[in-house]
Amino acid sequence: MTRKVATELRLLADVGGTNARFALQSAPGAGFDDVEVLAAAGYPTLGAAMRAYLANARARGLAVDTVRHAAVAIANPVEGDEIRMTNHHWSFSIEALRLELGLTTLLMVNDFAALAMSLPHLAQDGRRQVGGGIELPNRTIGLIGPGTGLGVSGVVPAGERWIPLSGEGGHVSFAPVNRDEVAILEALWGEYGHVSAERLLSGMGMELIHWARTGRRLKAADISAAALDGSSNDCRGSVDVFCAILGSVAGNVALTLGATGGMYIGGGIVPRLGPVFEQSAFRARFEDKGRLGDYLSRIPTYLITEQYPALRGVSAMLSDHVLTLQ
């Protein structure tokens, strides 16, 4: 039996290079209904994945025929109508996709801008502090997140609202801070030429760090597992280097944005590292900025623990967008 709904359902999605997360929402600020995660590799197009989700939701009794407004947070720059994903093969026209799905509104935003938009609204149990520092209210908040790629963003207060930043800070040039990291950079220069922060701070990046340090190629999941269970000192060393580099890059972002409202870590990799991350040099390297060390020591760093934070952020962005159309 189809559920009766008082208002139209809104379709929300968080699309990365590996997974596409979908949910329905009955009203702005309401909880999420029918969250489902689909493997991006299982669908030829984003439209096919969206149709599959809606068909599954219909089969579960949700009134998906009421969906008129949708918002998608996508792991890619959004600068016009045409989207070509950096870390996946999907490419499409936003307007053509809107027409294909019969939607009134299809808002497409950068995934880390959406994740950043969620930060001022996270509950205390949706984050975990790593190290010291105290956030200042109504100040800029920074965000970094290693996953399939490396996302960088933030939110800036503007009166009663928050303005998310859309950018591609993950592609800034990697800067080593010690001789071991210089050796890693030199190894990767020979392979890639330009070496970005994302080249190291991603799933592929952990694999490259391990290859550059040991000459052996392992999958990121295997490196992490061996580091966590203590079965390989080499793997533990590679994860430690990964965490240390993440601390340096996070400190760079905090300095650039003046993120005295806090610096947050998202993405899929760090939450899986558990105590290895907690024991790493991440926080020490975050603060290790010479004369600005005291400034950074006052900025708290948080690991996002909420399960679907980008959906919360893209929901807020959809609400703002729909209001501009009225």
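All values derive from a computational prediction rather than experimental measurement.

Caption draft 1: Examining the overall build of the protein more closely. Within the protein, the regular secondary structure consists of twelve helices and 13 strands. By principal-axis analysis of the C-alpha atoms, the protein measures approximately 60 × 45 × 35 Å. Taking all 326 residues of the protein together, the buried fraction comes to 50%. Long-range pairs, those at least 24 residues apart, make up 66% of the contacts in the protein between residues at least 6 apart in sequence. For the protein, the accessible surface area stands at approximately 14800 Å², while carbon and sulfur atoms represent 51% of it. Each charge class in the protein can be summarised by its mean position, and for the 28 positive and 32 negative side chains these summaries are 2 Å apart.

Caption draft 2: Expanded view of the pattern of salt bridges. Per the stated rule, a full pass over the model turns up 14 salt bridges. As a salt-bridge pair, aspartate 14 and arginine 21 come within 3.7 Å of each other at their nearest N and O atoms. Aspartate 14 gets classed as buried once you look at its relative accessible area, which sits at 13%. The class of arginine 21 is partly exposed, set by a relative accessible area of 24%. Where glutamate 135 meets arginine 127, a salt bridge forms, and the shortest distance between an N and an O atom there is 3.0 Å.

Caption draft 3: Spatial organisation of the nonpolar core. With 44 residues, the main nonpolar core has Ile144 and Phe277 as its most contacted residues. For this core, the leading source of residues is helix 8 (residues 233-257), giving eleven residues.

Caption draft 4: Looking closely at the confidence of the model for the protein. Taken over all residues, the pLDDT of the protein has a mean of 93, while the share at 70 or more is 98%. Low pLDDT (under 50) marks residues 1-6, which in the prediction has ten contacts with non-local residues, meaning those over four places away or in another chain.

Caption draft 5: Structural detail: the packing of aromatic side chains. Inspection of the entire model under this criterion finds four aromatic pairs. Here the aromatic rings of phenylalanine 22 and tyrosine 53 are separated by 5.1 Å at their centres, their planes lie at 15°, and the arrangement is stacked. On the criterion of sequence distance, the pair formed by phenylalanine 22 in strand 2 (residues 19-25) and tyrosine 53 in helix 1 (residues 46-59) is long-range, its members being 31 residues apart. Assessed through its relative accessible area of 0%, tyrosine 53 is described here as buried. When the ring of phenylalanine 282 is compared with that of phenylalanine 286, the centres are 6.3 Å apart and the planes differ by 25°; the resulting orientation is stacked. Of this pair, phenylalanine 282 and phenylalanine 286 both sit in helix 10 (residues 282-287), separated by four residues, roughly a single helical turn. Through successive ring pairs, a cluster of aromatic residues spans Phe277, Phe282 and Phe286. The ring of tyrosine 302 is capped by arginine 127, whose NZ or CZ atom sits 4.0 Å from the centre of that ring.

Caption draft 6: Spatial organisation of the pairing of strand 11 (residues 161-164). Pairing analysis gives four bridges linking strand 10 (residues 150-158) to strand 11, with the strands arranged antiparallel. Bridging from a neighbouring strand, proline 157 pairs with tryptophan 162 of strand 11. Connecting strand 10 to the next strand, strand 11, in antiparallel fashion are two residues, including glycine 159 with a positive phi near 70°.

Caption draft 7: Local environment of the domain arrangement of the protein. Its domain assignment divides the protein into domain 1 (10-111 + 310-325) and domain 2 (127-304). Taking only C-alpha atoms into account, the centre of domain 1 sits 28 Å from that of domain 2. Tallying the contact residues gives eight residues for domain 1 and eight residues for domain 2. Linking domain 1 with domain 2 are one salt bridge, by the criterion used here. A salt bridge links arginine 161 to aspartate 320; the nearest nitrogen and oxygen atoms lie 3.9 Å apart. Counting the contacts that link domain 1 with domain 2 gives one residue pair in polar contact (both at pLDDT 80 or more). Tallied by class, the residues present in the side of domain 1 that touches domain 2 amount to two nonpolar, five polar and one charged.

Caption draft 8: Summary view of the side chain of serine 224. Secondary-structure assignment places serine 224 in helix 7 (residues 220-229). On the accessibility criterion, serine 224 (13% relative accessible area) is buried. Setting aside chain neighbours within four positions, we find serine 224 in contact with Met206, Val239 and Leu273.

Caption draft 9: Expanded view of the UniProt feature "binding site: ATP" (unreviewed entry) in the protein. The positions that UniProt labels "binding site: ATP" (unreviewed entry) are, in the present scheme, Ala13, Asp14, Val15, Gly16, Gly17 and Thr18. Mapped onto the elements of the fold, alanine 13 is located in strand 1 (residues 10-15). With residues up to four places along the chain from it excluded, the contact list for alanine 13 reads Arg21, Phe22, Ala71, Val72, Ala73, Leu311 and Val314. A relative accessible area of 0% means that valine 15 is categorised as buried. When near neighbours in sequence (up to four residues on either side) are disregarded, valine 15 contacts Ala20, Leu46, Val72, Ala73, Ile74, Ala75, Met85 and Trp90.

The rules behind each value
- Within each chain, residue numbers correspond to sequence positions counted from 1 in written order.
- Per-residue local features are limited, in this predicted model, to residues with pLDDT of at least 70; the limit for side-chain atom pairs, both in listing and counting, is 80 or more; totals at the level of whole chains, interfaces and linings are taken over all residues.
- Side-chain calculation: all heavy atoms of the structure are included, whereas hydrogens and water are not.
- A run of DSSP states H or I qualifies as a helix once it reaches four residues; a run of E qualifies as a strand once it reaches two. Both are numbered from the N-terminal end.
- Relative accessibility under 20% of the residue-type maximum defines a buried residue, over 50% an exposed one, and the middle range a partly exposed one, all with a 1.4 Å probe and only protein chains included.
- We call two residues in contact when some of their heavy atoms are within 4.5 Å.
- Under the convention used here, a 1.4 Å probe and the Shrake-Rupley method define accessible areas, while residue burial counts only the protein chains that appear.
- The charged-residue count follows a simple rule in which Lys and Arg add positive charge and Asp and Glu add negative charge, with His and chain termini not counted at all.
- Each charge is placed at NZ for Lys, CZ for Arg, CG for Asp and CD for Glu.
- Throughout this description, the term salt bridge denotes a Lys or Arg side-chain nitrogen within 4 Å of a carboxyl oxygen of Asp or Glu.
- In this text, buried Ala, Val, Leu, Ile, Met, Phe, Trp, Tyr and Cys residues form a nonpolar core when linked through side-chain atoms within 4.5 Å.
- Summary of the metric used: pLDDT quantifies the predictor's per-residue confidence within the range 0 to 100.
- Two rings from Phe, Tyr or Trp (for Trp, the six-membered ring) form a pair when their centres sit within 6.5 Å of each other. Planes less than 30 degrees apart are called stacked, planes more than 60 degrees apart edge-to-face, and all others tilted.
- A ring has a charge above it when a Lys NZ or an Arg CZ is no more than 6 Å from the ring centre and no more than 35 degrees off the ring normal.
- At least two DSSP bridges between two strands are needed for those strands to be called paired.
- Residue ranges assigned to each domain were obtained from an automatic or database domain assignment.
- The definition of a polar contact used here is a pair of N or O atoms within 3.5 Å, where within protein one atom must be able to donate a hydrogen and the other to accept one, and adjacent residues in sequence count solely through side-chain atom pairs.
- Just so you know the grouping, Ala, Val, Leu, Ile, Met, Phe, Trp, Tyr, Cys and Pro go in nonpolar, Asp, Glu, Lys and Arg go in charged, and all remaining residues, Gly too, go in polar.
- UniProt positions are given in the numbering used here, feature names are shortened, and annotations may be inferred rather than shown by experiment.

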